Amino acid sequence: MSVRGRRVVVAGATSESGAMVCAALVDAGAAVVAVGSDAGRLTALAERVPGIATEVCDLADSGAVTALATRLTAIGPVDGLIHLVGGWVGGTGILGQTDEGWAAMERSFRTLRNTTRAFYPALLASDEGRVAFVSSVSVDAPTASGANYTAAKAASESWMRSVADGFRADQGDTPGLRAAATIFAVKALVDERMRAASPEKTFPGFTDVATLASAVVGLWDAPAIDLNDTRILL
Ligand SMILES: NC(=O)c1ccc[n+]([C@@H]2O[C@H](COP(=O)([O-])OP(=O)(O)OC[C@H]3O[C@@H](n4cnc5c(N)ncnc54)[C@H](OP(=O)(O)O)[C@@H]3O)[C@@H](O)[C@H]2O)c1
């Protein structure tokens, strides 16, 4: 079992975490399709991580995501979907949770719903289909100031657990289960650029994007039964 030779879609790939995940997958021998909404940022990513394919797509648009999935699956299998679209909004207390902030967070949730629905058949068809997204530990202890953000992450976690149930329903439990839906949870992410910009900071409790990237590669090192419907604190 390994990610080598697998074709993996990284949705929302142009952030530092996306670059690290793409690079780790390429290093491990996977074929990567990096998806983002901005052609310029994808070009910069492809220069940074040679060997990846890129696709421009507004992942909040279900029609566009379905078309992307149809096109990609027509030319080969898709064994993995790593969903990294995020964003964060806060506000002062419950009354500071604006409609604009909620719209942004709902949009982020919608991208996860769109991608997992569109690529679900391909993940089922793979002999080792894997899907993962990154949630927040705030779901375990919601605050008033982060209510919009945490509500969307909670909805995303619920959606992923439903996807996991779908895999079970469609493939059965072991030994039939081949696909797995996994939630990663972090407090916050940190990368080399953040460390370089603030050398005095220690970033306590933050998860390095390299740790996330290793966890993504590791999704193909364990059987689906051990990964499906799990929430892994990184
Ligand atoms: N950063 C943290 O401290 C932290 C904490 C807890 C959880 N997380 C989660 O970890 C994951 C990765 O975090 P991150 O900070 O690296 O991600 P991010 O920068 O918030 O988002 C990743 C990428 O998603 C792309 N994107 C946004 N809307 C899109 C759309 N409609 N269609 C296509 N692409 C879109 C953006 O690229 P383009 O603009 O180029 O399209 C962006 O670079 C996210 O799910 C985040 O919520 C992060």
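Quantities reported herein were computed from a predicted structural model and do not represent experimental measurements.

Caption draft 1: Highlighting the overall build of the protein chain. Scanning the protein chain from N- to C-terminus turns up 8 helices and 9 strands. Whereas a compact globule of 234 residues would reach a radius of gyration of roughly 17 Å, the protein chain reaches 17 Å, a difference of no more than 12%. Along the first, second and third principal axes, the C-alpha atoms of the protein chain reach 45 × 40 × 35 Å. Burial statistics for the protein chain: of 234 residues in total, 44% are counted as buried. Counted over contacts in the protein chain with a minimum sequence separation of 6, partners at least 24 positions apart contribute 69%.

Caption draft 2: Local environment of the packing of helix 3 (residues 62-74) against helix 4 (residues 99-125). At a minimum axis distance of 9 Å, the contact between helix 3 and helix 4 shows a crossing angle of 25 degrees. As far as their axial angle goes, helix 4 and helix 3 are roughly parallel. Relative to helix 4, helix 3 is oriented so that their crossing is right-handed. Contacts between helix 3 and helix 4 involve Ser62, Val65, Thr66, Ala69 and Thr73 on the former and, on the latter, Asn114, Thr115, Ala118, Phe119 and Ala122. Each residue belonging to the contact of helix 3 with helix 4 can be placed in one class, and the counts come to 5 nonpolar, 5 polar and no charged.

Caption draft 3: Quick peek at the site of the ligand. Gly12, Ser15, Ser37, Gly86 and Val134 are the nearest of the 23 residues found near the ligand. For the shell around the ligand, the elements supplying multiple residues, two or more each, are helix 1 (16-27) and strand 5 (130-136). Per-element tally for the shell around the ligand: the top contributor is strand 5, with 3 residues. A class-by-class count of the residues in the shell around the ligand yields 9 nonpolar, 11 polar and 3 charged.

Caption draft 4: Fine view of the pairing of strand 1 (residues 7-11). Judged by how many residues are buried, strand 1 sits mostly within the fold: 5 of 5 residues are covered. Neither face of strand 1 is left uncovered, since the one carrying Arg7, Val9 and Ala11 and the one carrying Val8 and Val10 both have all their residues buried. In this region the chain leaves strand 1, passes through helix 1 and returns to the parallel neighbour strand 2 (residues 31-36); the handedness of that crossover is right-handed. Alignment of strand 1 against strand 4 (residues 80-83), held across 4 bridges, turns out to be parallel. Residue pairing in the sheet places Val10 in a bridge with Ile82 of strand 4.

Caption draft 5: Here's a closer look at unusual backbone geometry. The phi angle at Phe203 is positive, at roughly 50 degrees, despite the residue not being glycine. Looking at the secondary structure, you find Phe203 in the loop between helix 6 (192-197) and strand 8 (207-208). The exposure class assigned to Phe203 is partly exposed, which follows from the 15 C-beta atoms found within 10 Å.

Caption draft 6: Spatial organisation of the environment of Cys22. Summarising the element assignment, Cys22 is placed in helix 1. Along the backbone, Cys22 and Ser135 are 113 residues apart, and their C-alpha atoms lie at a distance of 19 Å. Apart from the residues within four sequence positions on either side, Cys22 is in contact with Val10, Ala13, Val32, Ala34, Leu45, Val49 and Ile52.

Caption draft 7: Region of the structure containing the sheet that holds strand 5. Ordered by their spatial adjacency, 7 strands build an open sheet running 3-2-1-4-5-6-9, and the pairing between neighbours is parallel. Whereas interior strands pair on both sides, the edge strands pair on one side only; in this sheet they are strand 3 (53-56) and strand 9 (230-233). Going across the sheet, the axis of each strand differs from the next one's by a mean of 20 degrees, ignoring polarity. Along the sheet face, helix 5 (residues 147-171) touches strand 5 and strand 6 (180-186) and points at about 155 degrees away from the line of strand 5.

Caption draft 8: Molecular detail of helix 3. Between the first and last C-alpha of helix 3 there are 18 Å, a value that for 13 residues agrees with the 18 Å anticipated at 1.5 Å per step. Those residues of helix 3 that sit buried are Val65, Leu68, Ala69 and Leu72. All buried residues of helix 3 fall inside an arc of 95 degrees around its axis, so they share one side. Exposed and facing more than 90 degrees away from the buried side of helix 3 are Gly63, Thr70, Arg71 and Ala74. Close packing links the buried residues of helix 3 with strand 1, strand 2, strand 3 and helix 4.

Analysis parameters
- Residues numbered from 1 in each chain as written.
- Predicted model: local features only at pLDDT ≥ 70, side-chain atom pairs only at ≥ 80, totals over all residues.
- Helix = DSSP H or I, 4+ residues; strand = E, 2+ residues; numbered from the N terminus.
- Rg over C-alpha atoms; globule rule 2.2 N^0.38 Å.
- Buried ≥ 20, exposed ≤ 12 C-beta atoms within 10 Å, placed from the backbone.
- Contact = placed C-beta atoms within 7 Å.
- Axes fitted to C-alpha atoms, helices over the stretch in contact; angles between N-to-C directions.
- Parallel < 35°, antiparallel > 145°, perpendicular 65-115°, else oblique.
- Left-handed = near helix turned anticlockwise from the far one by under 90°.
- Nonpolar A, V, L, I, M, F, W, Y, C, P; charged D, E, K, R; others polar.
- Near = placed C-beta within 6 Å.
- Right-handed = clockwise from strand over helix to strand, strands pointing away.
- Pairing = 2+ DSSP bridges.
- Expected span 1.5 Å × (residues − 1).
- Arc of directions from axis to C-beta.

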